[in-house]
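# Geometric and topological summary
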Amino acid sequence: MWILAAAFLFTIMTTLIKLAGQGIHVAEILLTRQIVMTCIVIPTIIRSFPSSLRTKRPQLHLLRIVLASGAMIFGFTAVVHLPLADATAISFAKSFFVTIFAIPILKETVDVHRWGAVIVGFLGVIVMLNPTSDNSMNAYGLMTVAGAACAGMVMILIRQMTRTDRPVTILTYQAFGVGLLMITPTWYYWVTPTWHEIVILVAIGMVAWCPQMCNIQAFRTCEATAIASLDYTRLLYATFFGVVIFGQWPGVNTLIGAAFIIAGSLYTVHREARRNKRLVRTPEGRGYNN
């Protein structure tokens, strides 16, 4: 139930971003989102201050901030211009980028089965990137892929940073860093929002915090291998909201490509479960020592 709630709330957030993006630039949306989220987590940051700012890897935090900003700029822009189902389906490629980046950076060994799953997943992405009559799917679809690649690299960096830094430290630098990066583009593209748009912008920040908490609770109470596949319910939610609110039906290429991506991901999860390889998020569970 926790992971289903997280998937639903993530879709609510992307739906609100698509609504706000009709009249407001993505940078302004992202800056407001970061401000609201920072206000929500500021009590945690204050309780841990100044230890919340101590880090042994400032360069990784800087790189993570840049990549996280790229992931959200690319991803949010694609959400605004693509049908929700299309943008959601392509974003699932993130898991395959994690596999690829983990090889040179984390020195992980990937067997032929996981390589097969990666290839199948990217075949699905290629199917979905097939240009439409106005080529919009191709351009913004590539933005979604770029966002997924940045998000995958962010996950790798988080794995490295958890070896030496506390979660609150990672959260603090991300909260302030991304917001600072968005100040200049927001000033350049600034549009004074209406009261209706202000409500949507604040809701985006509040909703963005909720699914993250649901995810944490889900992985605290259940093994990742048992719940990972449920994240794909986001595609069902995205299709529903896309049709009801925006009147956008997913194309045939989207449905076929999504089937490839989901099949590749589920096969990977199935293999990990059969090998009894627990997928945990704590440094101790991955054999790291602070």
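One numbering rule holds for all chains: residues counted from 1, following each sequence as written. Given that this is a predicted model, residues contribute local features only at a pLDDT of at least 70 and side-chain atom pairs are listed and counted only at 80 or more, while totals for whole chains, interfaces and linings are drawn from all residues. For side-chain calculations, the full set of non-hydrogen atoms in the structure is used, while hydrogens and water are omitted.

### Examining the overall build of the protein chain
The helix count covers DSSP runs of H or I at least four residues long, the strand count covers runs of E at least two residues long, and both are numbered beginning at the N terminus. Helix and strand counts for the protein chain stand at 12 helices and 0 strands. Taking all 290 residues of the protein chain together, the buried fraction comes to 47%. Excluding contacts between residues fewer than 6 apart, the proportion of contacts in the protein chain whose partners are at least 24 apart in sequence is 89%. Working definition of accessibility: Shrake-Rupley area with a 1.4 Å probe, residue cover restricted to the visible protein chains. Per element, the accessible surface of the protein chain, about 14700 Å² overall, is 68% carbon and sulfur. Each residue is assigned to one of three classes by its accessible area relative to the maximum for its type, calculated with a 1.4 Å probe on protein chains only: buried under 20%, partly exposed between the two thresholds, exposed over 50%. Contacts: residue pairs with any heavy atoms within 4.5 Å of one another.

### Brief notes about the nonpolar core
Buried together is how nonpolar side chains tend to be arranged in soluble globular proteins. With 39 residues, the main nonpolar core has I17, I29, V178 and I204 as its most contacted residues. Put simply, the parts of the chain that give this core at least two residues each are α1 (2-20), α2 (26-48), α3 (58-81), α4 (84-91), α7 (136-161), α8 (167-188), α9 (195-221) and α11 (233-246). Sort the elements by how many residues they give to this core and α3 lands first, with 10 residues. Residue contacts for I29: discarding those within four places in its chain leaves I17, A20, G21, I24, L201 and I204. Judged by nonpolar contacts, the second largest core, of 19 residues, contains V125, L129, A149 and L235. Here, nonpolar core refers to any group of buried Ala, Val, Leu, Ile, Met, Phe, Trp, Tyr and Cys residues whose side-chain atoms link them within 4.5 Å.

### So, the side chain of T14
Of note, T14 is situated in helix α1. T14 has contacts with V79 and L84, leaving out every residue within four places of it along the chain.

### Considerations on α2
Here α2 is 23 residues long and its end C-alpha atoms lie 31 Å apart, about the 33 Å a rise of 1.5 Å per residue gives. To get the bend at a given residue, fit one axis to the seven residues ending there, fit another to the seven starting there, and take the angle between those axes. Most pronounced at V41, the bend in α2 amounts to some 50°, and the proline P43 follows within four residues. The span you would expect from a helix comes to 1.5 Å times its residue count less one.

### Here's the deal with the confidence of the model for the protein chain
Per-residue confidence from the prediction method is given by pLDDT, with values spanning 0 to 100. On average, residues of the protein chain score 80 in pLDDT, and 85% of them are at 70 or above. Per-residue pLDDT, averaged within each element of the protein chain, yields its smallest value for helix α10 (residues 224-227) (55) and its largest for α3 (91). Contacts from residues 277-290, a stretch scored under 50 in pLDDT, to residues over four places away or in other chains number 20 contacts.

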